[in-house]
Every structure is written in C-alpha cells, then in structure tokens.
2 protein chains.
Amino acid sequence: MEYKPHICTSECELTKYTQMVVLVPQFLQPPFSSYAPPSRRSNFKMVRTCISSSSSSMDAQTKRPGFLEFPYLSTPHRNLMLELVSKIETSLVSQLLPPSLPPDVQYFQNESGSSQGTIHIQSGNEDSMVDFILGSWIHSKLPTGELNITTLTAYLNKKTDAPRFLLEFIQSSPTSLILLLDLPHRKDLILNPNYLTTFYMDTQLDHLRQQLEKIPETRPYLPSSLYIRCALSPTAVSIRIDCGPTGSGRIDEVIRDHVSPVAKQMLDIWLYKCAYGKRELMEEEIIDLEKRDALVNKKTLDIDLASGLPRLFGQDVANRVIEPLEKYFKA
Amino acid sequence: MEYKPHICTSECELTKYTQMVVLVPQFLQPPFSSYAPPSRRSNFKMVRTCISSSSSSMDAQTKRPGFLEFPYLSTPHRNLMLELVSKIETSLVSQLLPPSLPPDVQYFQNESGSSQGTIHIQSGNEDSMVDFILGSWIHSKLPTGELNITTLTAYLNKKTDAPRFLLEFIQSSPTSLILLLDLPHRKDLILNPNYLTTFYMDTQLDHLRQQLEKIPETRPYLPSSLYIRCALSPTAVSIRIDCGPTGSGRIDEVIRDHVSPVAKQMLDIWLYKCAYGKRELMEEEIIDLEKRDALVNKKTLDIDLASGLPRLFGQDVANRVIEPLEKYFKA
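Analysis parameters
- Residues numbered from 1 in each chain as written.
- Chains lettered and ligands numbered in written order.
- Predicted model: local features only at pLDDT ≥ 70, side-chain atom pairs only at ≥ 80, totals over all residues.
- Heavy atoms only, no water.
- Helix = DSSP H or I, 4+ residues; strand = E, 2+ residues; numbered from the N terminus.
- Buried < 20%, exposed > 50% of the residue type's maximum accessible area, 1.4 Å probe, protein only.
- Contact = heavy atoms within 4.5 Å.
- Areas by Shrake-Rupley, 256 points an atom, 1.4 Å probe, with all protein chains shown as cover.
- Pairing = 2+ DSSP bridges.
- Axes fitted to C-alpha atoms, helices over the stretch in contact; angles between N-to-C directions.
- Parallel < 35°, antiparallel > 145°, perpendicular 65-115°, else oblique.
- Left-handed = near helix turned anticlockwise from the far one by under 90°.
- Nonpolar A, V, L, I, M, F, W, Y, C, P; charged D, E, K, R; others polar.
- Least-squares fit on C-alpha atoms with pLDDT ≥ 70 in both.
- Buried area = accessible area lost by both parts, 1.4 Å probe.
- Salt bridge = Lys/Arg side-chain N within 4 Å of Asp/Glu carboxyl O.
- Polar contact = N/O pair within 3.5 Å; in protein donor to acceptor, adjacent residues only side chain to side chain.
- Expected span 1.5 Å × (residues − 1).
- Arc of directions from axis to C-beta.
- 1 Å grid on protein atoms, 1.4 Å probe; cavity = no way out; pocket = protein on both sides within 12 Å on 5 of 7 lines; lining within 4 Å.
- Points joined across faces, edges and corners; volume = space filled by probe spheres on them.
- Phe/Tyr/Trp six-rings, centres within 6.5 Å; stacked < 30°, edge-to-face > 60°.
- Lys NZ or Arg CZ within 6 Å of the ring centre and 35° of its normal.

What am I meant to see in the overall build of chain A here?
The helix and strand inventory of chain A stands at 11 helices and 8 strands. Looking at the 331 residues of chain A, the share that counts as buried comes to 61%. Of all intrachain contacts in chain A linking residues separated by at least 6 positions in sequence, the fraction that spans at least 24 positions is 71%. If you sum the accessible surface of chain A, you get close to 12,600 Å²; carbon and sulfur atoms cover 51% of it.

Would you mind going over the sheet that holds strand β6 (residues 176-182) of chain B with me for this structure?
As a general point, the strands of a sheet are linked pairwise by backbone hydrogen bonds and lie either parallel or antiparallel. Residue and element names in this part refer to chain B. What the 8 strands build is an open sheet, ordered β1-β2-β3-β4-β5-β6-β8-β7; its pairing is antiparallel. Lying at the two open borders of the sheet, with one neighbouring strand each, are β1 (107-109) and β7 (218-220). When the angles between neighbouring strand axes are averaged without regard to direction, this sheet yields 15 degrees. With 12 bridges connecting them, strand β3 (residues 130-142) and strand β4 (residues 145-156) associate as antiparallel partners. Within β4, the position partnered with Ser-136 by the bridge is Thr-151. Against the sheet, helix α3 (residues 75-92) contacts β2 (115-123), β3, β4 and β5 (165-173), and its axis sits at roughly 15 degrees relative to β4.

Is there a simple way to explain the environment of Pro-245 of chain B in this structure?
Considering the arrangement of structural elements, one finds Pro-245 of chain B in the loop between β8 (237-242) and α8 (248-275). Remark: the alpha-carbon pair of Pro-245 of chain B and Pro-174 of chain B, spanning 71 residues in sequence, is separated by 8.4 Å.

Explain the packing of helix α6 (residues 205-213) of chain A against helix α8 (residues 248-275) of chain A to me, please; I cannot follow it from the model alone.
To describe two helices that pack against each other, one gives the angle between their axes and the distance between the axes. Residue and element names in this part refer to chain A. The geometry of α6 relative to α8 is characterised by a closest axis approach of 10 Å and an angle of 165 degrees between their N-to-C directions. Comparing the axis directions of α6 and α8 gives the class roughly antiparallel. The handedness of the crossing between α6 and α8 comes out as left-handed. When α6 is examined against α8, the residues Leu-205, Leu-208, Gln-211 and Leu-212 are found in contact with a partner set consisting of His-258, Val-259, Val-262, Gln-265, Met-266 and Ile-269. Counted by class, the contact of α6 with α8 contains 7 nonpolar, 3 polar and no charged residues.

Please clarify how the relation of the copies chain B and chain A should be interpreted in this entry.
A rotation about an axis combined with a shift along that same axis relates the two copies of the chain. Turning chain B through 180 degrees and shifting it by 0.0 Å along the axis lays it on chain A, with an RMSD of 0.0 Å. This pairing of chains is accounted for by a two-fold axis. Residue Asp-188 of chain B of chain B places its C-alpha closer to the rotation axis than any other residue of that unit, at 3.0 Å.

Sorry, what's going on with the interface of chain B and chain A here?
How big an interface is tends to be stated in terms of the accessible area lost upon association of its parts. In this assembly, 24 residues from chain B lie in contact with 24 residues from chain A. When the two sides are added together, the surface that chain B and chain A hide from each other amounts to roughly 2,200 Å², 76% of it contributed by carbon and sulfur. If you sort the residues of chain B by the area they bury against chain A, Ile-190, Leu-191 and Leu-226 of chain B come out on top, with a joint share of 29%. With a shortest N-O distance of 3.1 Å, Arg-292 of chain A and Asp-188 of chain B are connected by a salt bridge. Taken together, the links from chain B to chain A amount to 8 residue pairs in polar contact (both at pLDDT 80 or more). If you list the elements that add at least two residues to the side of chain B that touches chain A, you get α5 (193-201), α6 (205-213), α7 (226-231) and α9 (283-306) of chain B. Considering only residue class, the side of chain B that touches chain A consists of 16 nonpolar, 1 polar and 7 charged.

For this particular structure, what's the right way to read the pattern of salt bridges?
Think of it this way: side chains of opposite charge can pair up when their charged atoms draw near. All names here are of chain B. Tallying each qualifying case throughout the model produces 36 salt bridges over all chains. A salt bridge links Asp-131 to Lys-330, with the nearest nitrogen and oxygen atoms 3.6 Å apart. Here Asp-131, found in strand β3, pairs with Lys-330, found in the segment after α11 (315-329); they are 199 residues apart in sequence, far enough to count as distant. According to the relative accessible area criterion, Lys-330 is exposed, its value standing at 57%. The shortest N-O distance in the salt bridge between Asp-293 and Arg-164 comes to 3.6 Å.

Please explain helix α3 (residues 75-92) of chain A as it appears in this structure.
Over its 18 residues, α3 of chain A runs 26 Å from end to end, which matches the ideal 26 Å to within 8%, given 1.5 Å per residue. If you check which residues of α3 of chain A are buried, you get Pro-76, His-77, Arg-78, Leu-80, Met-81, Leu-82, Leu-84, Val-85, Ser-86, Ile-88, Glu-89 and Leu-92 of chain A.

I tried to follow α6 of chain B on my own but got confused; where do I start?
One turn of the α-helix equals 3.6 residues, which is why residues spaced by three or four share an orientation. Within the span of α6 of chain B, buried status applies to Leu-205, Asp-206, Leu-208, Arg-209 and Leu-212 of chain B. Projection of α6 of chain B onto a plane perpendicular to its axis shows the buried side chains occupying an angular sector of 155 degrees, all on one side. Residues of α6 of chain B that are buried in the fold lie against α7 (226-231) of chain A together with β6, α5, β7, β8 and α8 of chain B.

Which parts of the structure should I look at to understand the sheet that holds strand β7 (residues 218-220) of chain A?
All names here are of chain A. As summarised here, the arrangement of the 8 strands in space is β1-β2-β3-β4-β5-β6-β8-β7, forming an open sheet in which the pairing is antiparallel. Of all the strands in the sheet, the pair left with one neighbour each is β1 (107-109) and β7. Adjacent strand axes in the sheet meet at a mean angle of 15 degrees when their direction is disregarded. Both strand β5 (residues 165-173) and strand β6 (residues 176-182) contribute to a ladder of 6 bridges, which runs antiparallel.

Is there a simple way to think about the pairing of β8 of chain B in this case?
The side chains of a regular strand alternate between both faces of the sheet. All names here are of chain B. Within β8, 5 of the 6 residues are buried, which leaves it mostly tucked inside the rest of the structure. Pairing between β6 and β8: 6 bridges, direction antiparallel. Looking at β8, one finds that Leu-177 is bridged to Ile-241. Two elements, β7 and β8, share 3 bridges in a ladder whose sense is antiparallel.

Teacher, can you tell me more about the pairing of β2 of chain B here?
All names here are of chain B. For β2, a buried count of 8 out of 9 residues is recorded, marking the element as mostly surrounded by other parts of the structure. The pairing of β1 with β2 spans 3 bridges and is antiparallel. Residue pairing in the sheet places Gln-109 in a bridge with Gln-116 of β2. Counting the residues that bridge the hairpin from β1 to β2 gives 5 residues, and of these Gly-113 lies at a positive phi of roughly 85 degrees.

Help me understand the layout of surface pockets, please; the structure alone is not making it clear to me.
In this approach the atoms are scanned with a rolling probe the size of a water molecule, which exposes any empty space left behind. Considered as a void within the structure, the second largest pocket measures approximately 940 Å³ in volume. In this structure, the second largest pocket is lined by 24 residues; those nearest its centre are Leu-191 and Asp-288 of chain A together with Asp-188, Leu-191 and Asp-288 of chain B. Taken together, the elements giving at least two residues each to the lining of the second largest pocket come down to α9 (283-306) of chain A together with α9 of chain B. Grouping the constituent residues of the lining of the second largest pocket by class yields 5 nonpolar, 2 polar and 17 charged.

I keep staring at the environment of Glu-290 of chain B and nothing clicks. Help me out?
Residue and element names in this part refer to chain B. Within the fold, Glu-290 resides in helix α9. Accessibility expressed as a relative area gives 37% for Glu-290, which makes it partly exposed. Within polar-contact distance, the side chain of Glu-290 engages the side chain of Lys-158 at 3.3 Å.

Mind showing me how you'd approach the packing of aromatic side chains here?
For any pair of aromatic rings, the description consists of the separation of the ring centres together with the inter-plane angle of the planes. The tally for this structure, following the rule as stated, stands at 18 aromatic pairs over all chains. Ring centres of Phe-132 of chain B and Phe-329 of chain B lie 5.5 Å apart, and the angle between their planes is 70 degrees; this geometry places the pair in the edge-to-face category. Taken as a pair, Phe-132 of chain B in strand β3 and Phe-329 of chain B in helix α11 lie far apart in primary sequence, 197 residues in all. With relative accessibility at 0%, the residue Phe-132 of chain B sits in the buried group. Clustering of aromatic rings is evident, with ring pairs tying together Phe-132, Tyr-155, Tyr-328 and Phe-329 of chain A. The ring of Tyr-227 of chain A has Lys-299 of chain A sitting right over it, with the charged end atom 5.1 Å from the ring centre.

See below:
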C-alpha cells in the first residue's frame, strides 16, 4: 500500500538548496527490470523480455545507467524503489505495454555530464485501467552538493475515477530529504464525500501518514506551488526528514524501518483499491474526469518539468525530454 | 486581510485535551456591539441600534454575557476579536440585517452552568453579497482545565463565488491554542486555476501564512476531519501555538504582535476582494456553487455542531441551538 501520483512540489525546496527549480516527479527510467538484485529478478519478467538485449544493468556501449540502477541512492533507498517497482510489475504484469520512449529520453544528461536523468514509462493495454506508469531519477552535481530526485507514479485512465499513486523523494544532502507519498484524488472531495470515505477513510490512509509524522526527525513539508498543494489528498505524506549533519546512518534507518513499510502498504492499497477496484461511472462523470485529469496533467508537466528540467539540463535537452512526454500527459 | 470561513477542525484537539469532541466554529454571539471598548464604540452603530435597549455589555436582568464581552479571553485576544468585528461592521454596515436568533440561542449554557455559549448571526440584505456573518464563543470548565473556542466567519451568497472568511481559536490551556485562519474556497481549485490565481496567488495570502509559520512557538496543525482538511484553502493558517507551561505572557505577545496583524490583513483582503469584489457568474456556475455551498454547510453543521455541542451542553440545549441555525446553513 504505497503509491502516489506524480505531483511534485520540490521547486521551493530545490531553490533553497540549489538555487535551481526542479520538479521532475513521476518517472521511472528505462525498463523497470534493467537492474535488480538477484533475489528479485524473477519478478521482472515482462520488462526484461521487452527490452531484451537492448538494455542491461549497465549498457556496455555507453555506460549509461538504467532506471533500475538507482546508482546514486543509498542501499535502503534503492532497495525500497526496487521493491515497489517489483510489486507493480508483479501485480500489473499482464496489463502493461512495453516501454516506448526514445533511448535519448530514457537516459539524458547535460553537456558537462554533471546532471543525469532517466525516465521510464509504460502504458496500460486496452484492458487495463492503468493509463501509464512513470518512474524517474535525476542526479545532479550542484555547487551546493548533490541532488537526487526519485519518483514513481501511476496514472489511471477514464475507466475509473480512483486515485493515482505518487511517490517522490527529493534529496539534497546525505542526511535529509523531502518525501511525498500520496494517492492523489481525481474528483473534488468537497462535492464527493463518498469518494473521500471510500478511498481515504475506509482505507485508514491517515494512520499511515501519522506513523511517519511521529518520527522525531520529520516535520511537515508544504509544497511551494499552491496548485500542487491542492492536488495532494488530505492524507498525503508530505514531510521533510532531517537527521542532522551526522545522521547518514539514521536516515538509512528511517527509510528502511519507517518509510519503506508505509510506502509498501500505500502501494498495496492503491493496487487493490484503485488499480483493480471496479467503479461504475456515468457518462457525465467520465467527461468531468477527463477534463480534470487533463488539467492536472498539464499543470504537472508545466510545474514539474517545463520549469525545472532546463535549469539542470539546458533548454535543448529539456525540450527533447518533454516533447515525447506530452502525448502521455495529453497536455 | 484576515478572514476565514467557518471550518472547524477542533475535535481532534479537543479530544486530546478534554476527551470531548467540540467543533463550534463560525459564530459571533448576540449583537456585535453589545460590548466594545470606548474607543471603538463609534464603529458599532448599526448593531447597537438594532439591539437598542434589549442588550447591553452585560444584561442587567440575567447577567448573561453577550457575544462581544469575550469574558474569558485575555486582553490581546479580546482586543483582536473586537477589532475584527468592528472592521466587519464598519465595512458592511449598510448590508447587514438585525440579528434575529432567539435569546436562548444567542446565549446558552448547560444545567450546571459549567459550559456557556454565545452565537451571533446577521444575514446580509438583498443588495449584499453576504449570506450571513456568524460569530460565537464557547467557554467550558472541564476536568482538564478551561476550554475556550472563539470564532468569526462570513458566508457569501450565490451572487459571488468568492471565498468565505474563517477565524477560529481553540484554547485549552492558558499558554497554548489552535488557530485556523483562512479564506476557504468555494470552487474546485484544480478545475479553476484562475480562481486560485485571483484569490490566493495575487493576494499573496501565503506570505501571511508564512509570517505565522516562522514564529518559534508555532507548528502546523492538521485537523482530524479529512473533510475539513479538504475545505481549507492551500494558504490556510492552521497552526498550534504552544508557549510552554510558563508562557502566558508570551502567548499574549504572539497574539498581539503576530496573529493580530495577520488576521487583520486577511480580513482586509476578504472584505476588499471577496465581500466587495464583483464576479460574473454563468447560470451553470451558480447552480454548481449552490450545490457545493449546501454540501459544505451541511458537513460543517454536522462536524462542528451536531457532534460537538451535545458533549458540552447536553442534547436538549444542543438541539435548541442547532435547530434555528439550520435555516442559515440550509442543511
């Protein structure tokens, strides 16, 4: 039970740390299964088949790390990401189409190589309620230190109005990070109290949020974008974890012992209740849903990518990456 | 610039402090002008005229304190409330009808007298965009200490879709309190980004929120009701101020020097931009607005009053108070 749609609120944070605005939320890079620890490889059959010999843990020709390498994350952080991807793959294996992004969007870097990024997208097939799954990581060497942004998001299509899944880590020092973990709503919760009850009250999502809130090193994090604040659900985990200058061991512990179990539970809830839960929608509801999804997607793309990527990668690389994404976001 | 619609999130807090759930948000009691410091009396002409001789600073017959007495608040807290009420009266003097609640709803108490409450409501006249202004205070002697809830809220009618105003203080100890201060939205902000820009970005409301966030004794407060969380705007001040067991002087200072100027600025913004700002609405928008307002009002009444008042005042008194309020909330 651990999944949040791609709603990134990181500009504010990044501005503070790096004087850059970067909001790259919902991406997984190349095939999920381009890298995985041996014990988990068995879960990654579909994607591994799709990419066949064209990709591997580390491309022998280019030495470009794939999405699932997470080469700049700590072990607990990488393990969490791999477990979540594995869980999605296992659960949705029959529903996802092969990834189709161009190789220079699956992996990209700036001229100097100080910034690297990976994006992975897989659409759902025609029987699926999944619109697409998107994961990414970005690594950038900045004057103020290293920046790592890691995201995993899932968008559902108009067959259901169930929430999305969003997970985003923004780490600008070895001992602190921002975590967004949510099932963002796709209907106005004021007008639809039954939706609030079904997806947020009955699922006890707030108990999971409270578990992380209780950790002494966490405090609430409010995204600088007001639109992003509106897009987060009332049970969103939106926190900053700061373990102090000597807390690298502690932050690993927090991720392994606290964030990881909560994230996995939230993804389980999303898979069971949203990706597989049946919803009966009236024609008018579907029209409203499409309108709302399109607006959220456009804003997400604008706020997260169009404003952030150029600062880390330059305008040309940013344009190359954003253009093929627009068809997914229908922006 | 300081005004928030009646959205109360206090149950959680009250439960912690008093093991009771009380959510009485948006009320001012009897006539605004039943009491005011000499320097401000000149502002209270309208209400004073309305109530004429039937009410005074302290009713000579019954010794029942009126709404504007705020008999259990500290001086800075009382002064702030009086200034806000004065500002509303001065600005809307030609638009408000006389208060019409029965005397036993304007003031009420439980059998033992350990809980007292006042409610003041004034509707807007037919030329006004104000639906009604509602203020209240509740005082209760509980086993855990004294509880004081003070609210001031303003509801607009269907001539405008502009936000409401909400101010609510929940004080369960002499040195700590919860503050909600907001202009709650009346449209889905995801579907209406221009509304977000007009009322929340252009007004720089988040800067006011940040001013209070920076005070060392404050920390974010998340209402226990998920519905209430949804009803608050993305720039809502929702904080707990805790000055520690010896901080009674400091909490007065925080109210006087920090909360008061922010609250007054937010009310100014509301008056200028919402209560007086012209909005052109299509017929369909008005229908949607009425539907949304009705839902919010019903939920507000259920969450704040129907679940909270009986615990402090008993079911009979609660019924007597809630029944005449229903016509205002159209619940």
